[in-house]
Amino acid sequence: MHQGKNNSMVFYKKYKRLNILLYLFVKILILNSCNLNNFKSQMKSYFGSLPNGEKIYKYKLSNGYMSVEIINYGGIITNINIPNSQGINTDVVLGFDTFHQYIEEHPYFGAIIGRYGNRIANGKFSLNGINYQLAKNNGENSLHGGLIGFDKVLWSVKELDDHKDPGIKLTYFSENMEEGYPGNVQIDVTYILTKENELKILYEAITDSPTVINLTNHSYFNLGGESSGDILDHFLTINADSYLPVDKNMIPTGEIRNVKNTPFDFSEMKKIGLEIETQNNQLIIGKGYDHCWVLNDYGKGIRKIAEVKSINTGINMEVYSDQPGVQFYTGNFLDGSLKSKKLNKYKKRSGFCLETQHFPDSPNQPSFPNVILDPDKKYQTQTWYKFSTKTY
Ligand code: BGC
């Protein structure tokens, strides 16, 4: 009897201790989840001012593993930081640490490009019988929206706080005949960083009269790190059976040429530098790769269009898009005159771009997919850059 009482006391004490432990465990769990909710996944900080005094802000999207920084000038992606295979934070996009460098001359680092990404021959096109003349800012061509494209304007920013993934929505109103393009157009570009380490870019536009539109982002990536030298040792795959050869002014000839047995074949993973110096007429015209690939499976929604990896850092980037083309540009015109964030020089080929888009000069080439936006339609496209790190 006495023994029984003792046993039940021991059991009771153990039970009480267990209960306390359980209580503490649940409390820690709750506190932790509160901390996670309070974890600021979006941060806004002052970055500089325009000569007219307008303030430029940097918005940092973080998911606890990697981060993306964007400014309201040009919607420019200034930094993408991700741990390399040794856990060291690596910034994989070219850009600057100070704002004034972004208003000086630079080749569209990280910017939103529009109204028309890429080249329009002779800066001319006609739409519904009306001829339009754009500024020629690239020899005889109009390039990347003209003299003051979307890369050089101030965007208004809405921080998205729907408690899901961190994101911002940038909006710009482009007036009728701005840079020579018809129609008052409202453009929204949303950047979202998901838990799966995808930077999702969603592009939307509406117009009040017919116009042409082709939006993209002009980030220069270097998966070895923005100051690590050239990107020729990166491995690349592009899911495309053909590309668009260009004339001496970099305008597509209209031919859709098969990549088989040419240096343009990236259908299987290949080092970017492997054939870049080949005596190939198209590589000579482009001074390297600076061409639009005709992506497979256009019209089937968003699909994987490319993948790039750096063996040195283990950083890998997959690109997904619903667009028909991608301009793969190997930074052939970088010449060492711009200083990197670590104050090195951005020399030739120290970054590559994968600009998802419609084909260059489409407004003048009826055989290419249509780039006309009518008032009763909404322009909606998306591109995702998905990052991961491996040890090789
Ligand atoms: C073009 C290049 C150009 C670069 C910077 C790329 O999208 O294809 O020819 O030099 O942008 O302007």
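These numbers come from a predicted model, not from an experiment. (Residues numbered from 1 in each chain as written. Predicted model: local features only at pLDDT ≥ 70, side-chain atom pairs only at ≥ 80, totals over all residues. Heavy atoms only, no water.)

Overview of the layout of surface pockets
Working step 1: Estimated volume of the largest pocket: approximately 700 Å³.
Working step 2: Along its surface, the largest pocket is lined by 33 residues, and Glu105, His106, Pro107, Tyr108 and Leu143 are the ones closest to its centre.
Working step 3: Contributing elements (two or more residues each) for the lining of the largest pocket: helix H2 (99-103) and strand S24 (325-329).
Working step 4: Its residues assigned to classes, the lining of the largest pocket shows 15 nonpolar, 10 polar and 8 charged. (1 Å grid on protein atoms, 1.4 Å probe; cavity = no way out; pocket = protein on both sides within 12 Å on 5 of 7 lines; lining within 4 Å. Points joined across faces, edges and corners; volume = space filled by probe spheres on them. Helix = DSSP H or I, 4+ residues; strand = E, 2+ residues; numbered from the N terminus. Nonpolar A, V, L, I, M, F, W, Y, C, P; charged D, E, K, R; others polar.)

Focus on the nonpolar core
Working step 1: By size, the foremost hydrophobic cluster in this structure holds 58 residues, and its most contacted members are Ile80, Tyr191, Trp293, Met317, Phe328 and Phe387.
Working step 2: The contact partners of phenylalanine 328, leaving out residues within four places of it in the chain, are Leu236, Ile238, Phe266, Ile272, Tyr289, Asp290, His291, Trp293, Phe352, Cys353 and Leu354.
Working step 3: Residues Ile56, Leu143, Leu334 and Cys353 belong to the second largest nonpolar core, which totals 21 residues. (Core = buried A, V, L, I, M, F, W, Y, C linked by side-chain atoms within 4.5 Å. Buried < 20%, exposed > 50% of the residue type's maximum accessible area, 1.4 Å probe, protein only. Contact = heavy atoms within 4.5 Å.)

Here's the deal with the site of the ligand
Working step 1: Looking at the ligand, the residues that line it are Tyr108, Arg119, Leu143, His144, His218, Tyr220, Asp290, Gln327, Tyr329, Phe333 and Glu355.
Working step 2: Residue aspartate 290 places a side-chain N or O atom 2.4 Å away from an oxygen atom belonging to the ligand.
Working step 3: Within the side chain of glutamine 327, one N or O atom sits 3.2 Å away from an oxygen atom of the ligand.
Working step 4: Isolated, the ligand exposes 310 Å² of accessible area, and the fraction of that covered by the protein chains is 94%. (Near = heavy atom within 4 Å. Polar contact = N/O pair within 3.5 Å; in protein donor to acceptor, adjacent residues only side chain to side chain. Areas by Shrake-Rupley, 256 points an atom, 1.4 Å probe, with all protein chains shown as cover.)

Some thoughts on the sheet that holds strand S4 (residues 77-83)
Working step 1: With antiparallel pairing, 5 strands are arranged side by side in an open sheet as S1-S2-S3-S4-S5. Edge positions in the sheet fall to strand S1 (42-49) and strand S5 (89-91), since each has one partner strand and no second. Pairwise comparison of adjacent strand axes, ignoring direction, gives a mean angle of 20° for this sheet. (Pairing = 2+ DSSP bridges. Axes fitted to C-alpha atoms, helices over the stretch in contact; angles between N-to-C directions.)

Notes on the confidence of the model for the protein
Working step 1: For the protein, per-residue confidence averages 92 on the pLDDT scale, and residues scoring 70 or more make up 90% of the total.
Working step 2: Taking the mean pLDDT of every element in the protein, the minimum, 47, falls on helix H1 (residues 2-38) and the maximum, 99, on S24.
Working step 3: Overall, residues 8-12 carries pLDDT values under 50, and its contacts beyond four positions in sequence, including any with other chains, amount to 0 contacts.
Working step 4: This model gives residues 23-39 a pLDDT under 50, and the stretch forms 2 contacts once residues within four places in sequence are excluded. (pLDDT = per-residue confidence, 0-100.)

Concerning the sheet that holds strand S27 (residues 379-389)
Working step 1: An order of S11-S12-S13-S14-S27-S23-S22-S17-S20 is seen for the 9 strands of this open sheet, with the pairing classed as antiparallel. Each end of this open sheet is capped by a strand with a single partner; those strands are strand S11 (156-160) and strand S20 (270-271).
Working step 2: Bridging between strand S23 (residues 315-321) and S27 involves 7 bridges; their strand directions are antiparallel. Pairing of valine 319 across the sheet is with tyrosine 385, part of S27.

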